[in-house]
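Remarks on the overall topology
Residue strings, one per chain:
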Amino acid sequence: MSKRDYYEILEVSKDASPEELKKAYRKQAIKFHPDKNPGKKDAEDKFKEAAEAYEVLSDQNKRQRYDQYGHAGMGNGGFGGGGMNMEDIFSHFGDIFGGGGNDPFSSFFGGGGRRGKSVNRGSNLRVKVKLTLEEIANGVEKKIKVNKYLSCKTCKGTGAKGGSSYNTCSTCRGSGHVSRVTSTFLGQMQTTQVCPNCGGEGQIITDKCTDCAGNGVVKGEEVISIRIPAGVAEGMQLSMSGNGNAAARSGVPGDLLIQIEEIRHEKFERDGNNLLYEHYITFSEAALGSSAEVPTIDGKVKIKIDPGTQSGKVLRLRGKGLSSINGYEGKGDLLISIVIWTPKTLTKEERIMLEKLGNSDNFKPSQETRDKNIFSRMKDLFEQ
Ligand SMILES: [Zn+2]
Ligand SMILES: [Zn+2]
């Protein structure tokens, strides 16, 4: 689920000028505009992606940070950490397409555009959560402190002093939009645009709340409890609807997007829902057979080494792996790979004994074994 490169999204070179960026974004925005691609989720994603890329690259500071650190430098959980919503995107169109901040597509594509009052939306917040394999195996509840916009308590998020000091906007009479007839290259057209007086909200605050300067939101901290189900994996993203930034003046809050990071386990390697473990035995144990204790993700178990066990043999402990995230697939297995330890130093007596043993025919692989194709040999090693 890695993010695409911003320059690639806008199809520009790394040294593109601001003018080139603007032009490139305009091209993408027209191509993937939702009015032109109704109901196409793919186009909407591309549209958002382009907006996010432009938002970063058009800001000199952000661009510098992105050039230096890539997506990792774009903030996690902080303010403005990406995740644009449609309202944000449309509100920036004034700069891109010229004109008074209206959405030019309402006239280009003949659709009604966005009529009616606009609802403020809080931006999404992104956080990363690092998990151990044990936490992933059992599921876990994590408490995370995030910096975010919170609804202002003083005015209950309305932005108005006392919570009620606002009037209906006289310019749009509360509808949030105004219509006007303009001349375009296609002739006379009626365009609808967001009311410039109230910004589409339909109301004007007469007396602003002093704590939030009329925004209805204040910067703050919140401890959020996140329940992470068993079986998540590196790169997965969970989403908690409504736990992102609060929206200006009683709008709809954004979402909290939780990116899963896996801390590498010192003993096990993960392969999907299976866990892989290497168990070393001596040559005598392999030849004579033995038993051993091996770790699993939830405690130790005993395994049996059969006499004549080959190096590379894989024992499968069913159900000793990880739960699948959706639960349908059941639990994965623990695959124990048996490795025979070859001594690196020998005493004189050991050397003499081994030389003697090495001459025995039993110590030599049969011609049949030698002739085996590598795949059938591996199949033999794998316990079903
Ligand atoms: Zn306030
Ligand atoms: Zn208005």
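Note that the structure is a prediction, hence the values are computed from the model and not measured.

We now examine the nonpolar core. L131, I228, I258, I303 and I336 are the most contacted members of the largest nonpolar core, which has 36 residues in total. Taken domain by domain, this core gets at least three of its residues from each of domain 1 (75–262) and domain 2 (269–381). In this structure L131 touches I136, V140, K142, I228, V232, I260, E261, E262 and I263, once residues within four positions along its chain are discounted. L10, A24, A43 and Y66 belong to the second-largest nonpolar core, a separate cluster that totals 20 residues.

Before going further, it helps to spend a moment on the sheet that holds strand β11 (residues 274–281). Read across the open sheet, the four strands follow the order β10-β11-β15-β14; overall the sheet is mixed. Edge strands, defined here as strands with exactly one partner in the open sheet, are β10 (269–271) and β14 (314–317). When strand polarity is set aside, the average angle formed by the axes of neighbouring strands in this sheet is 30 degrees. In terms of strand pairing, β11 meets strand β15 (residues 334–340) through seven bridges, oriented parallel. Across the sheet, the residue bridging to I281 is I340, located in β15.

On the protein side, the zinc ion (ligand 1) has C152 (SG), C155 (SG), C209 (SG) and C212 (SG) as donor atoms, found 2.2 to 2.3 Å from it. One can describe the site at the zinc ion (ligand 1) as tetrahedral: its four donor atoms subtend angles covering 104 to 118 degrees at the metal. Sequence positions of the residues that donate to the zinc ion (ligand 1) give the spacing C-x2-C-x53-C-x2-C. Of the two residues, C152 sits in the loop between β2 (140–151) and β3 (166–168) while C209 sits in the loop between β6 (203–205) and β7 (217–228), which places them 57 residues apart along the sequence. Each of the two residues, C152 as well as C209, counts as buried.

Below, the discussion takes up the side chain of S324. Summarising the element assignment, S324 is placed in the loop between β14 and β15. Taking relative accessible area as the criterion, S324 reaches 6% and is therefore assigned buried. Beyond its immediate stretch of four places on either side in the chain, S324 contacts A230, N273, E329 and G330.

Between helix α3 (residues 41–57) and helix α4 (residues 60–69), the shortest axis-to-axis distance is 6 Å and the interhelical angle comes to 105 degrees. Classified by the angle between their axes, α3 and α4 sit roughly perpendicular to one another. Contact residues: E55, V56 and L57 in α3; K62, R63 and Y66 in α4. Of the residues belonging to the contact of α3 with α4, the class tally is three nonpolar, no polar and three charged.

About the thresholds
Residues numbered from 1 in each chain as written. Chains lettered and ligands numbered in written order. Predicted model: local features only at pLDDT ≥ 70, side-chain atom pairs only at ≥ 80, totals over all residues. Heavy atoms only, no water. Core = buried A, V, L, I, M, F, W, Y, C linked by side-chain atoms within 4.5 Å. Buried < 20%, exposed > 50% of the residue type's maximum accessible area, 1.4 Å probe, protein only. Domains from an automatic or database assignment. Contact = heavy atoms within 4.5 Å. Pairing = 2+ DSSP bridges. Helix = DSSP H or I, 4+ residues; strand = E, 2+ residues; numbered from the N terminus. Axes fitted to C-alpha atoms, helices over the stretch in contact; angles between N-to-C directions. Donors = N, O, S within 2.8 Å, 3.2 Å for Na, K, Ca; no water. Tetrahedral: all angles 85-135°; square planar, octahedral: opposite > 155°, others 65-115°. Parallel < 35°, antiparallel > 145°, perpendicular 65-115°, else oblique. Nonpolar A, V, L, I, M, F, W, Y, C, P; charged D, E, K, R; others polar.

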